[in-house]
There are 2 protein chains.
Amino acid sequence: MYHSDRTDRAFVVGSKSLTEFVVEALVSVGAAEADAEVTAEVLLAADLAGVDSHGVARLRRYVEGLRAGTINKGARPRVVREAGGVSVVDAENGLGQPALCLAVDLAVERAKEHGIAAVAVRRSNHIGIAGWYTERAARAGTLALVTTNATPQVAPSGAAEPMFGTDPVSYAVLTDGEPLCYDAATSIVPRGKLERLHREGRPMLPGWAVGPDGVTSTDIPLVVAGLRAREGYALLPVGGLGEEHGGHKGSGIGLLAELLCGPLTGASWSRHTYGPQGADLGHFVLCLDLAALGDIGRITRDITAMADEIRAGSPIDERTPVRLPGDRRHRCAEERSANGIPLLRPVVEDLGKIAELAGIRPLTAREGQL
Amino acid sequence: MYHSDRTDRAFVVGSKSLTEFVVEALVSVGAAEADAEVTAEVLLAADLAGVDSHGVARLRRYVEGLRAGTINKGARPRVVREAGGVSVVDAENGLGQPALCLAVDLAVERAKEHGIAAVAVRRSNHIGIAGWYTERAARAGTLALVTTNATPQVAPSGAAEPMFGTDPVSYAVLTDGEPLCYDAATSIVPRGKLERLHREGRPMLPGWAVGPDGVTSTDIPLVVAGLRAREGYALLPVGGLGEEHGGHKGSGIGLLAELLCGPLTGASWSRHTYGPQGADLGHFVLCLDLAALGDIGRITRDITAMADEIRAGSPIDERTPVRLPGDRRHRCAEERSANGIPLLRPVVEDLGKIAELAGIRPLTAREGQL
């Protein structure tokens, strides 16, 4: 989970006008209206939740990809295989959001028929935050799990080179309140966090990345350059280097994401994504209908009681009550829905360039100037 | 993953005679022959794989539980609910192994019909190593996942008290060779490892356990006593204390196990297991039929190629090639199948007491004496 800092917050934008801007920008470079709308919704959900790295900060790459044809603007994600509760979707190298949204809705529908369902997506692109999809499925009465592979940046346990993606894993389940939603990269930190720390003059910690010499490095520029060049440096899985904090176990969770999104889906695994043939990312969706397991009222009551009991647990630090996954993001979304979304200067500059590139009306901000 | 040390190896026993001893001991206290056989097979699989903490070292507790009636020797695990690919099994407070084995075989059968299946088990007991079950399902052409809850010993992220079990998570998938099998507790280390280190005069590391003051402790006797008394001390999830090594993410994996095995299954979650009503552990099985996703030959070839490519990766330490989950256990099992199983002195003493208690012929060893 990566959260925004506000130290260099420069501008505040209302979510409605930001959504309209994103839709207009995507449509202007050829995306279908419906595809643009779902993509905007997923990007905005990240900005609202405080996961700024996965919000409109990504828009420029989508716009450029659609213009250049590296993302297929004419893609129509389609089901290419069905067997009971299991389906495979070919995303035709289009935007990841519409493809994964289709997959999640299909998984919910099939889970209502079969009790449980899985949908694998191949030939796809970046999906935004995985938690948007699992929460959508959770609200439909399920426990849902979504994972995706990505650019190779993470070293498996025992290795000193990047092979896995930061492969986020998200699960969410219906409760009597907001869905309980976990959403996290399988590395300790993503590359974006290193870049942010560097901007702020703060250090990275040992155990987050490993160099080709097998030693963990804390030299941010060196690590980031190595990650970009895909040589020399790798992020480390949850638990870090070796077995001291369970890095071999964290690595096993990344491996599961790689298996599900690569060989099982019929997509490339992370080490071979983004080859000459395009992105070929894979995503994997699992949906379990709570009603298949028992009385759904009893189940959500039990989940809610368990969650409340954990939150009421004795905290490590008396000033910080125990939080569950998603608590911080839900609070942030409430606050930003009411008060607007703060955007960092480089993002604002990107949005300006997008407006120019796409020939659309630039975004206006409530505070500061664009 | 917890592995045996051989420093205090005292005796070596053949797996066949050890299996016969376990079956005889369980039957002598009232277990059905078939239940005793599957329980013996799972215990022996742990001893063969080097996971000595989950092998015949557990037998005394089973024998005493069956004698005392805290484990129901007359239990007949039965399916109490079915909806498509989802089933719920009531284990009737019997031995965990026969109940979970039935659940796994049912999950494989239903996955062949629906492409994917889940089986939840409630009112159960200790299951041995989770990897035995996932490997069984993997060999039948699936990717399988098994998890269980347990005695509360692990603090969720941000909490300073035990709430979660060490809840192992195992997954396995068919390859062109042995199944690729991950099997690990969701804490960095289990309590048994602390006890072993203490016996060997070796230290525990900071970040493995937390005290009621919210500070990580390295005082093994204090931590172990606190864990036994269920107060004051807690193990930490993969990633350790706080967010530095991703402990908040490791905690989210434990939470998923708790959700699946507690509220979704209709069993108690770990904090409330082993109440006055008996164990009431929950297990959860997921099975995905590889053939539902595509050509099974293509899928296992891709998995095998990916696994081989990871193993051939540039290692952290040149003397230690990159290993995948299960590699060490498979090698150990080969070696022990050929040369016998080493048993530690306290285990040998326990087996002697079991023979007395059950009035059966004591075990003989190839080396050393019992």
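Residues numbered from 1 in each chain as written. Chains lettered and ligands numbered in written order. Predicted model: local features only at pLDDT ≥ 70, side-chain atom pairs only at ≥ 80, totals over all residues. Heavy atoms only, no water.

Undergrad: Hey, could you go over the pattern of salt bridges for me, with residue numbers and the actual values?
TA: Per the counting criterion, the structure on display carries 53 salt bridges over all chains. With a shortest N-O distance of 3.0 Å, B:Asp52 and B:Arg336 are connected by a salt bridge. Of this pair, B:Asp52 sits in the loop between α2 (33-49) and α3 (59-68) while B:Arg336 sits in helix α11 (residues 327-339), and the two are 284 residues apart along the sequence. Within this structure, A:Arg78, A:Asp90, A:Glu92 and A:Arg123 form a network of salt bridges that share partners. (Salt bridge = Lys/Arg side-chain N within 4 Å of Asp/Glu carboxyl O. Helix = DSSP H or I, 4+ residues; strand = E, 2+ residues; numbered from the N terminus.)

Undergrad: Please set out the relation of the copies chain A and chain B residue by residue, giving values where relevant.
TA: Relative to chain B, chain A is turned by 180 degrees and slid 0.0 Å along the rotation axis, the superposed coordinates differing by an RMSD of 0.0 Å. Such a turn and shift between the copies fits a two-fold axis. Looking at the rotation axis and the C-alpha trace of chain A, the residue lying nearest is A:Gly239, at 2.0 Å. A share of 100% of the interface residues of chain A reappears at the interface of chain B, consistent with the copies meeting face to face through the same patch. (Least-squares fit on C-alpha atoms with pLDDT ≥ 70 in both. Contact = heavy atoms within 4.5 Å.)

Undergrad: Outline the sheet that holds strand β10 (residues 281-289) of chain A, listing residues and values.
TA: All names here are of chain A. Ordered by their spatial adjacency, seven strands build an open sheet running β2-β3-β4-β10-β5-β6-β7, and the pairing between neighbours is mixed. The open sheet is flanked by β2 (78-83) and β7 (180-184), the only strands paired with a single partner. Here the average twist between neighbouring strands, direction ignored, is 10 degrees. Two elements, strand β5 (residues 142-148) and β10, share seven bridges in a ladder whose sense is antiparallel. From the neighbouring strand, Ala144 faces β10, where its bridge partner is Cys287. (Pairing = 2+ DSSP bridges. Axes fitted to C-alpha atoms, helices over the stretch in contact; angles between N-to-C directions.)

Undergrad: Give me the sheet that holds strand β4 (residues 116-124) of chain B: which residues, what numbers.
TA: Strand order across the open sheet formed by seven strands is β2-β3-β4-β10-β5-β6-β7 (chain B), with mixed pairing between neighbours. One side of each edge strand has no neighbouring strand; the edge strands of this open sheet are β2 (78-83) and β7 (180-184) of chain B. Geometrically, the sheet is characterised by an average inter-axis angle of 10 degrees between neighbouring strands, direction not taken into account. Relative to strand β3 (residues 86-90) of chain B, β2(B) runs antiparallel, the two being bridged by five bridges. Bridge pairing in β3(B) places B:Glu82 opposite B:Ser87. In the packing of helix α8 (residues 247-261) of chain A onto the sheet, contacts are made with β5 (142-148), β6 (169-173), β7 and β10 (281-289) of chain B, and the angle to β7(B) comes to roughly 140 degrees.

Undergrad: Residues and numbers for the interface of chain A and chain B, please.
TA: Between chain A and chain B, the residue contacts involve 85 residues of the former and 85 residues of the latter. Between chain A and chain B, a total of about 6,800 Å² is buried, with carbon and sulfur atoms accounting for 67% of that surface. If you look at where chain A meets chain B, you find four salt bridges. The closest approach of N and O atoms between B:Arg271 and A:Glu309, which form a salt bridge, is 2.8 Å. Along the contact surface separating chain A from chain B lie 37 residue pairs in polar contact (both at pLDDT 80 or more). Tallying contributions element by element places α8(A) first for the side of chain A that touches chain B, with 10 residues. The residue makeup of the side of chain A that touches chain B, split by class, is 52 nonpolar, 19 polar and 14 charged. (Buried area = accessible area lost by both parts, 1.4 Å probe. Polar contact = N/O pair within 3.5 Å; in protein donor to acceptor, adjacent residues only side chain to side chain. Nonpolar A, V, L, I, M, F, W, Y, C, P; charged D, E, K, R; others polar.)

These figures capture arrangement, not role.
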